[in-house]
Amino acid sequence: MRLNRRLFMGTTLSAGAALAAPAVLGQGKPRVVVIGGGAGGATAARYLAADSAGAIEVTLVEANPVYTTCFFSNLYLGGFHAFEDLQHGYERLAAGGVTVVNDLATGVDRDARTVTLAGGQVLPWDRLVLSPGIDFAEGAVPGWSTADAEVMPHAYKAGPQTQLLKAQVEAMPQGGVFAMVAPPNPYRCPPGPYERISMVAHVLKGRNPTAKIMVLDPKENFSKKALFEEGWGRHYPGMVEWIGPDFGGGKVEVRPATMEVVVDGEVTKVDCCNVIPGQRAGAIAAAAGVTADSGWAPVEPDSMRSKADGNVWVLGDASAQGDMPKSGFSANSQAKVAAMAIRGELTGSRVFPARYTNTCWSLIAPEDGVKVGAAYEPTPEKIASVSSFISQTGEDAALRRATYEESLGWYAGITADMFG
Ligand SMILES: Cc1cc2nc3c(=O)[nH]c(=O)nc-3n(C[C@H](O)[C@H](O)[C@H](O)COP(=O)(O)OP(=O)(O)OC[C@H]3O[C@@H](n4cnc5c(N)ncnc54)[C@H](O)[C@@H]3O)c2cc1C
């Protein structure tokens, strides 16, 4: 669907914002500011700059000078990937025409159409793209706050936290206990916690085979459950204990000072505790006033345009869009749809109907890879899954190896697509 002016006016943007748009656009090159240089934001900035060939001024605001991918961070924990392999700079985006500003965005004024940065700079925009990822819902796990992440790491934003978790796993005493507090839905990367359990089990099997792993889970079900449970039984027999809500997995308190977890009133001393709390959209989305009570930002399914403001787009984990999982692949797919819609609106270029895809791979043990994925289309209510696939239990080793190798190719391809 081509986004023409009639359809643009038909979205939920305020009348004032809509009427202001042509006047601003008449003043020179349209300006797009993208906040967040991760999977969604880097892709959107890169595609906007490349495809508009200089017709749009694209500025990317990113707090960190180097991005560390969460995707494949579990493989780093498992010893299959170097930490440096997860890291990507913004030089190629800059070379491709994106103005990269390394600073934290602290405020958005949607009436004045400006973004304020921690360093004091004020950036004007005609269209704003928000892809800030997640923040943690404070109080989601009794006893834990982000200040405790140095003792009980989340490692759910990649970087030093991921390195800390790896060091803690490797330093566990023989026969020690690793605990994970798994998050409630919806959260970033549905299979991520369980791939992580597999990788921790792989490390412990090699260097600490009498250690135990406890997964405390508020959810009855989780992504690829049958595949993970089969894999844990086959590769790590007796090592992983999954405790779902029926057995207290949803009634967990942690005590970072004494390294204890309390499950339904019962206290257990642990040696390493990975707390992955409940999540919400990155704080700048709430500051911009585009989030709902759920903590996530509702968007139009055909474009990723914010339902709260027609001049703002929200991508990736921060968005409430429907059936797509919160994944890097999803964010990349959504960013391309958004970049096309924004470019069409600002330069009159052609806009094709939105199509979205996602695949999530997980490594269970060396060369034992599984995957789940789907294709999606916009409906009036949401982005809806239209076809899907998933690895099967009992698959042979050759197929699992091929699935793992496919995931290696995916990582190389998608990071090049995001960061150039
Ligand atoms: C352990 C783990 C494994 C995963 N594995 C996979 C996988 O195999 N495949 C997959 O597809 N996905 C995977 N994911 C999920 C994937 O990492 C996320 O879904 C994806 O990164 C979301 O992209 P995003 O653009 O929404 O946010 P992010 O990639 O997190 O990017 C957000 C960026 O915004 C910046 N930012 C935030 N606020 C501000 C601000 N106010 N000012 C400036 N900058 C700001 C942050 O610094 C960050 O760089 C995994 C996640 C985890 C935790």
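For the structure itself, consult the block above.
A brief look at the structure comes next. Quantities reported herein were computed from a predicted structural model and do not represent experimental measurements. Starting from 1, residues in each chain are numbered consecutively following that chain's sequence as written. With pLDDT at 70 or above as the cut-off, local features in this predicted model cover only qualifying residues; side-chain atom pairs require 80 or more to be listed or tallied, and sums for whole chains, interfaces and linings still use all residues. Where side-chain values are given, they derive from all heavy atoms of the structure, hydrogens and water being excluded.

1. Remarks on the packing of helix H6 (residues 160–170) against helix H7 (residues 192–207)
Two quantities define a packed helix pair, namely the angle between the helix axes and the distance between the axes.
And step 1. What counts as an axis is a line fitted to C-alpha atoms, over the stretch in contact for a helix, and the angles between N-to-C directions run from 0 to 180 degrees. Strands are runs of DSSP state E lasting at least two residues, helices are runs of H or I lasting at least four, and both sets are numbered from the N terminus onward. Interhelical geometry of H6 versus H7 gives an angle of 35° and a closest axis separation of 10 Å. Both H6 and H7 take part in a crossing whose hand is right-handed. On the side of H6, the interface is formed by Leu 165, Val 169 and Glu 170, while H7 contributes Arg 196, Val 200, Val 203, Leu 204 and Arg 207. Two helices crossing with the near one rotated counterclockwise from the far one by less than a right angle form a left-handed crossing, whereas a clockwise rotation gives a right-handed crossing. The contact criterion used throughout is that any non-hydrogen atoms of two residues lie within 4.5 Å.

2. Re the sheet that holds strand S13 (residues 240–243)
And step 1. Spatial ordering of the open sheet is given by S13-S12-S11-S17, a layout of four strands whose pairing is parallel. Edge positions in the sheet fall to S13 and strand S17 (272–275), since each of these pairs with one other strand and no more. Within the sheet, the average angular offset between the axes of one strand and its neighbour, ignoring direction, is 15°.
And step 2. At least two bridges found by DSSP between two strands is the condition for calling them paired. Strand direction decides the pairing type here: strand S11 (residues 177–181) and S17, joined by four bridges, are parallel. Note on S17: the bridge partner recorded for Met 180 is Asn 274.
And step 3. Helix-sheet contacts for H6 involve S11 and S17, and the interaxial angle to S17 is about 150°.

3. Points about the site of the ligand
And step 1. We call a residue near a molecule or strand whenever a single non-hydrogen atom of that residue lies within 4 Å of it. In the region of the ligand, 34 residues are neighbours, and Glu 62, Tyr 67, Ser 131, Arg 188 and Asp 317 sit closest.
And step 2. One of the backbone nitrogen or oxygen atoms of Gly 328 is found 2.9 Å away from an oxygen atom of the ligand.
And step 3. Accessible surface area values rest on a Shrake-Rupley calculation with a 1.4 Å probe, where residue burial reflects the displayed protein chains alone. If the ligand stood free it would expose 1,000 Å²; the protein chains cover 93% of that surface.
And step 4. Broken down by secondary-structure element, the contributors of at least two residues to the shell around the ligand are helix H3 (39–52), strand S2 (57–62), helix H4 (73–77) and helix H10 (328–347).
And step 5. For the shell around the ligand, the leading source of residues is H10, giving three residues.
And step 6. In this count, Pro and Cys sit with the nonpolar residues alongside Ala, Val, Leu, Ile, Met, Phe, Trp and Tyr, while Asp, Glu, Lys and Arg are called charged and the others, Gly among them, polar. Looking at the shell around the ligand residue by residue, the class counts come to 16 nonpolar, twelve polar and six charged. Pairing of N or O atoms within 3.5 Å defines a polar contact, subject to two protein rules: one partner must be a possible hydrogen donor and the other a possible acceptor, and residues neighboring in sequence count only if both atoms are side-chain atoms.

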